[in-house]
Amino acid sequence: MRTRLSVFLITLSGLVLEVGLTRIYSASVWYHFAFVAVSVALLGWGLGGFTVHLLKQRMQLTMNAAALITAIYSMTVPFCLWLLNRYPFEIDRLPLYFLAPLIPFFLAGMALSIVFALHRTEVSSLYFADLIGAALGAVLVTFLLHWLGGEVALLTGAIAPAFAALLLATDKKEVTTSSPQAIRLLAFVAVLVTVGSTIAAIKFDILRVEAGTTKAMRRQMDAAPQAHITQTGWNAYSR
């Protein structure tokens, strides 16, 4: 049941990240970059699975490895937002906007693939948990965008895989080079990082992604230094 719940949490967070990223790209770059976010997400999920397929022919995969990757995945979401916040969009930064979100999707794809590879006899129930998590994430992100805004929605979604890592890092009987206690400690750190960054984003408006130079409002405000934004709000589809 812990394994099924972990799969549920990983896929839920993945859909929150994927859909939420389309809204952030729409607001900060241009509306058609929403399709870039979807393409990068599909590439990351698939590339993670392909990487696990290659690795399992050369090394033994364990649930602790899945926990380790899941914990790192949860912490790459705040890191991805930090990159987008630190480097507002310009045309020469286009590769960054492709590669930054690729990392969390790649890690999520790896974690899921390891779990599925190690539990082939239970694949039907795991896939059921996968689909339920993805479906709920696709619905939940609509409300998160409306209540919390794009950046905080992504950070809130990142909390789910941090707890999934805690659930996965429970098997002490595995033969692994990594200490289960160390992995559980990293998972606990991931919980603190994701919860802390979410609270900080709500209280202090950190990690807010600014509009790039391709946006008309950005050009108008650059042309009029005395202008300032008086109010910013999100709904389910725009900022």
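The rules behind these values
- Numbers given for residues are sequential positions, taken from 1 along each chain in its written order.
- This being a predicted model, a pLDDT of at least 70 is required before a residue's local features are given, and a value of 80 or more before pairs of side-chain atoms are given or counted; all residues contribute to the totals for chains, interfaces and linings.
- Think of the side-chain values as coming from all heavy atoms in the structure, minus any hydrogens and water.
- Strands are runs of DSSP state E lasting at least two residues, helices are runs of H or I lasting at least four, and both sets are numbered from the N terminus onward.
- Each residue is assigned to one of three classes by its accessible area relative to the maximum for its type, calculated with a 1.4 Å probe on protein chains only: buried under 20%, partly exposed between the two thresholds, exposed over 50%.
- Any pair of residues with heavy atoms lying within 4.5 Å of one another is described as a contacting pair.
- We define a polar contact as two N or O atoms separated by no more than 3.5 Å, with the added condition that, inside protein, one atom must be a possible hydrogen donor and the other a possible acceptor, whereas residues neighbouring each other in sequence contribute only through side-chain atom pairs.
- A helix's residues, less one, multiplied by 1.5 Å, set its expected span.
- Note on aromatic pairs: the rings of Phe, Tyr and Trp (six-membered ring only in Trp) are paired at centre separations within 6.5 Å, and the planes decide the class, stacked below 30 degrees, edge-to-face beyond 60, tilted for the rest.
- For a ring to carry a charge above it, either NZ of a lysine or CZ of an arginine must fall within 6 Å of the ring centroid while also lying within 35 degrees of the normal to the ring plane.

S.K.: Can you walk me through the environment of S28 in this structure?
M.R.: Relative to the elements of secondary structure, S28 occurs in helix α1 (residues 2-28). Under the relative-accessibility criterion, S28 is labelled buried at 1%. In this structure the C-alpha to C-alpha distance between S28 and T76, which are 48 residues apart in sequence, comes to 20 Å. Ignoring anything within four residues of it in the chain, the contact list for S28 reads F89, V209, E210, A211, G212 and K215. One polar contact links the side chain of S28 to the main-chain carbonyl oxygen of I24, over a distance of 2.8 Å.

S.K.: Sorry if this is basic, but what is going on with helix α8 (residues 180-204) here?
M.R.: In an α-helix, one full turn covers 3.6 residues, which means residues spaced three or four apart are oriented alike. Helix length check: α8 (25 residues) gives 35 Å between terminal C-alpha atoms against 36 Å at 1.5 Å per residue, within 8%. Buried within α8 we find P180, I183, A187, A190, V191, T194, S197, T198, A200 and A201. Contacts made by the buried residues of α8 are with α3 (63-86) and α7 (150-168). Within two residues after α8, D205 carries a phi angle of roughly 60 degrees, on the positive side.

S.K.: What is the right way to read the packing of aromatic side chains from this model?
M.R.: The description of an aromatic ring pair rests on the distance of the ring centres and on the angle between the ring planes. Throughout the structure, instances matching the rule amount to seven aromatic pairs. On the basis of an interplanar angle of 65 degrees and a centroid distance of 5.6 Å, the ring pair of F33 and F89 is categorised as edge-to-face. One end of the pair, F33, is in the loop between α1 and α2 (34-55); the other, F89, is in the loop between α3 and α4 (94-99), with 56 residues separating them in the sequence. On the basis of relative accessibility, which here comes to 2%, the residue F89 falls in the buried class. Arranged with centres 5.4 Å apart and planes meeting at 35 degrees, the rings of F143 and W147 form a pair that is tilted. Of this pair, F143 and W147 both sit in helix α6 (residues 123-148), separated by four residues, roughly a single helical turn. Accessibility expressed as a relative area gives 40% for F143, which makes it partly exposed. Three or more aromatic residues joined by ring pairs form one cluster here, namely Y25, F33, F89 and Y97. The ring of Y87 is capped by R86, whose NZ or CZ atom sits 5.0 Å from the centre of that ring.

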